[in-house]
Amino acid sequence: MANINGTDLSRHGEIAAKVKVDSKFGTGGNATDDAAGTTLEWTPSSWTSKPIKQDVVYEDRAAVTEALAKLERLPPLVTPTEIVKLRNSLREVALGNAFLLQGGDCAELFEYCEEGAINSKIKLLLQMSLVLIYGAYKPVVRIARMAGQYAKPRSSPTEVHEGQEIPSFRGDILNGYAVESRTPDPARLVSAYFHSAATLNHIRASLASGIADLHSPLDWELGHVKDNEIKAQYTRIVDNITDSLRFMKTVGADRGRGLETVDLYTSHEGLLLEYEQSLTRRLRHPSSHPTTKASILSEGPQLNGRRHGGPATSDAEGWYNTSAHFLWIGDRTRQLTGAHVEFFRGLENPIGIKVGPTMTSLELVSLLDILNPSKEIGKVTLITRYGEHKIASLLPSHINAVRDSGHVVVWQCDPMHGNTKSTPSGVKTRAFSSIFSELSSALKIHREQNSFFGGVHLELTGEAVTECIGGSEGLTEGDLGVNYTTYCDPRLNEKQALELAFLVAGHYRDVKGG
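For clarity, every value in this text was computed on a predicted model and none was experimentally measured.

1. Quick notes on the environment of Leu124
Turning to its location among the elements, Leu124 is positioned in helix α3 (residues 115–136). A relative accessible area of 0% means that Leu124 is categorised as buried. Linking Leu124 and Gly104, residues 20 residues apart in sequence, is a C-alpha distance of 9.6 Å. Leave out the neighbours within four places in its chain, and Leu124 touches Leu460, Thr461, Gly462, Glu494, Ala497 and Leu498.

Here's what the structure looks like:
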């Protein structure tokens, strides 16, 4: 049984912790009314009283209990200090002072936990952020769909293979892609933790070792990008930055840590709630948390570096999901009275909501009221994914409804999920032109609505895959078989992802007249 700060966190025998709502910051532990009108106090397991979508049925519950108990004993993957730092950064995105870049694999596989695969995605996100900083003149907040994106929602729990009905592949955290590995295996829950830990460890080590050091930007290889025009654009950007750094070095202003490394946060869809609950811990707020700052100001003077007073109150602690810095609720699991919304409403982490074409304005505002009742700026990121032909009729009304509600959110465009199609032979793909079109529409609509376009959410890889058609490389449906490696949805390759970064950068340059 895990025990953090005296609180038993085991789902099996958990003591419900009563946590007050803090009006200044956070929603952790707040009480809401259920459908029957009774007040429910939030705990990490209160979601179990709600109906759930995308549930998993295991054959061996004893093995599940053993795996969850193991997870509860393991240390956090991320810290409250990192989580609150991201939260504060997303506030700046919501206010239009920064830009959010989020990307990575559709369904991360355990086999991607190796140096080459990790480094290629880190470098791609860093290259894209360099382009965006150059174009938007704004800091870029980087969040990777890495170190935990092992579960995927499916439209059906089963599929037919060679005339036989078998469980659908739902991500490495649950089952394997091979037909003989489709039965959900509880041991994969623990394996997901250790693969996440190893991936995170390599990310942190690479950043600490200078993979993002802007003193030598030309060391950032473009890998498989061979398009001369894109390479020339990127080189011009790097040359401009190099000139700026040379000037800073001349005047002695190049010694800041910000030139040598960057912050890269992790994220995944919070789909498998038993796993997420096991890694949700009641921990002390860091000094950067607004309630901590408010407490310091109100508690009076210090003596010998220590502040006098009684023991820490519940306001000094909160429920942090330590599996990732940022989690989102998918379009299939965002029911107002469902288990996933119930779980998410108690977390200190910044959270996202996928907003698809079936979301009504009333439903959207109701979700925001449940998940962020204190209306903290930037706590919630709305990840819109309508499709290129639907965005114009849906996004403006959603923007106006959110604005009228008093919520200030991060508006992020996911131009991928609403534009998936299948070829005549049944291969899933996405057209770069459709992705480009929805992203362009989002930029235009936010500008027309006097709203801040906060960022992009992309499924991408640093490898030279051939899964999305189009782009400057001119990939066609006939090219899909060259290097189609995804086990779920098609991803942008490195070249296509950089093209989108240039699109956004060009938009901001055009608006500023630069």
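2. A word on the nonpolar core
Membership of the largest hydrophobic core comes to 76 residues, with the highest contact counts inside it found for Met128, Leu382, Phe453 and Leu492. Aside from chain neighbours lying at most four places away, what touches Leu492 is Met416, Phe432, Ile435, Leu458, Glu459, Leu460, Thr461, Cys468, Ala497 and Leu500. Val64, Leu77, Ala147 and Leu272 belong to the second-largest nonpolar core, a separate cluster that totals 28 residues.

3. Here we look at empty space enclosed by the protein
Applying the stated criterion across every chain yields a total of three cavities of 30 Å³ or more. Roughly 60 Å³ of internal volume is contained in the second largest cavity. Looking at the second largest cavity, the residues that line it are Gly148, Gln149, Tyr150, Ala151, Ile173, His268, Glu269, Leu271, Leu272, Tyr275 and Glu276. Looking at side-chain class alone, the lining of the second largest cavity contains six nonpolar, three polar and two charged residues.

4. Digging into helix α9 (residues 361–371)
By the burial criterion, the buried members of α9 are Glu363, Leu364, Val365, Leu367, Leu368 and Leu371. Looking at the packing, one finds that the buried side of α9 touches β14 (326–329), α8 (339–344), β15 (351–355), β16 (380–384) and α10 (391–405).

5. Re the sheet that holds strand β18 (residues 420–422)
Here we have three strands laid out as an open sheet, ordered β18-β19-β21, and mixed in their pairing. The strands lining the two open edges of the sheet, one partner per strand, are β18 and β21 (468–469). Where β18 meets strand β19 (residues 428–431), three bridges bridge the pair, whose relative direction is antiparallel. Bridging across to β19, Thr420 finds its partner in Arg430.

6. Side note on the packing of aromatic side chains
Tallied over the full model, the rule gives eleven aromatic pairs. Ring geometry for Phe432 versus Phe436: centroids 6.2 Å apart, planes at 45°, classification tilted. Residue Phe432 and its partner Phe436 are located together in helix α11 (residues 432–448), separated by four residues, close to a single helical turn. For Phe436, a relative accessible area of 34% gives the class partly exposed. An aromatic cluster is defined as three or more aromatic residues linked by ring pairs; in this entry it consists of Trp42, Trp319, Phe343 and Phe344.

7. Details of the confidence of the model for the protein
Counting all residues, the mean pLDDT for the protein is 86, and 83% of those residues have values of 70 or more. Every residue in residues 1–27 scores below 50 in pLDDT, and together they form 84 contacts with partners more than four places removed in sequence or on other chains.

8. Comments concerning the sheet that holds strand β20 (residues 455–459)
A barrel is described by the order of its strands in space; here eight strands give the closed sequence β5-β6-β9-β14-β15-β16-β17-β20, paired in parallel fashion. With strand direction ignored, the average angle separating the axes of adjacent strands in the sheet is 25°. Both β16 and strand β17 (residues 410–413) contribute to a ladder of four bridges, which runs parallel. The partner of Thr384 across the bridge, within β17, is Cys413. Across the face of the sheet, α9 comes into contact with β14, β15 and β16 while running at roughly 165° to β15. Packed onto the sheet, α11 meets β16, β17 and β20 and runs at close to 150° relative to β17.

9. Quick notes on the packing of α10 against α11
Contact geometry of α10 with α11 gives a least axis separation of 10 Å together with a crossing angle of 35°. As α10 packs across α11, the resulting crossing turns out to be right-handed. The segment α10 lies against α11, with Ile391, Ala392, Leu395, Pro396 and Ile399 engaging Glu438, Ser441, Ala442, Ile445 and His446.

10. Observations concerning the environment of Lys444
Positionally, Lys444 belongs in helix α11. Looking at Lys444, the relative accessible area reads 43%, which means it is partly exposed. Measuring from C-alpha to C-alpha, the distance between Lys444 and His507 comes to 9.2 Å, with 63 residues separating the pair along the chain.

11. So, unusual backbone geometry
Notably, Tyr137 is not glycine yet its phi reads approximately 55°, a positive angle. When you line up the elements, Tyr137 lands in the loop between α3 and β6 (140–145). The class of Tyr137 is exposed, set by a relative accessible area of 52%. With a phi angle near 55°, Asn450 is a residue other than glycine that sits in the positive phi range. In this fold, Asn450 is placed in the loop between α11 and β20.

Criteria and cut-off values
Residues numbered from 1 in each chain as written. Predicted model: local features only at pLDDT ≥ 70, side-chain atom pairs only at ≥ 80, totals over all residues. Heavy atoms only, no water. Helix = DSSP H or I, 4+ residues; strand = E, 2+ residues; numbered from the N terminus. Buried < 20%, exposed > 50% of the residue type's maximum accessible area, 1.4 Å probe, protein only. Contact = heavy atoms within 4.5 Å. Core = buried A, V, L, I, M, F, W, Y, C linked by side-chain atoms within 4.5 Å. 1 Å grid on protein atoms, 1.4 Å probe; cavity = no way out; pocket = protein on both sides within 12 Å on 5 of 7 lines; lining within 4 Å. Points joined across faces, edges and corners; volume = space filled by probe spheres on them. Nonpolar A, V, L, I, M, F, W, Y, C, P; charged D, E, K, R; others polar. Pairing = 2+ DSSP bridges. Phe/Tyr/Trp six-rings, centres within 6.5 Å; stacked < 30°, edge-to-face > 60°. pLDDT = per-residue confidence, 0-100. Axes fitted to C-alpha atoms, helices over the stretch in contact; angles between N-to-C directions. Left-handed = near helix turned anticlockwise from the far one by under 90°.

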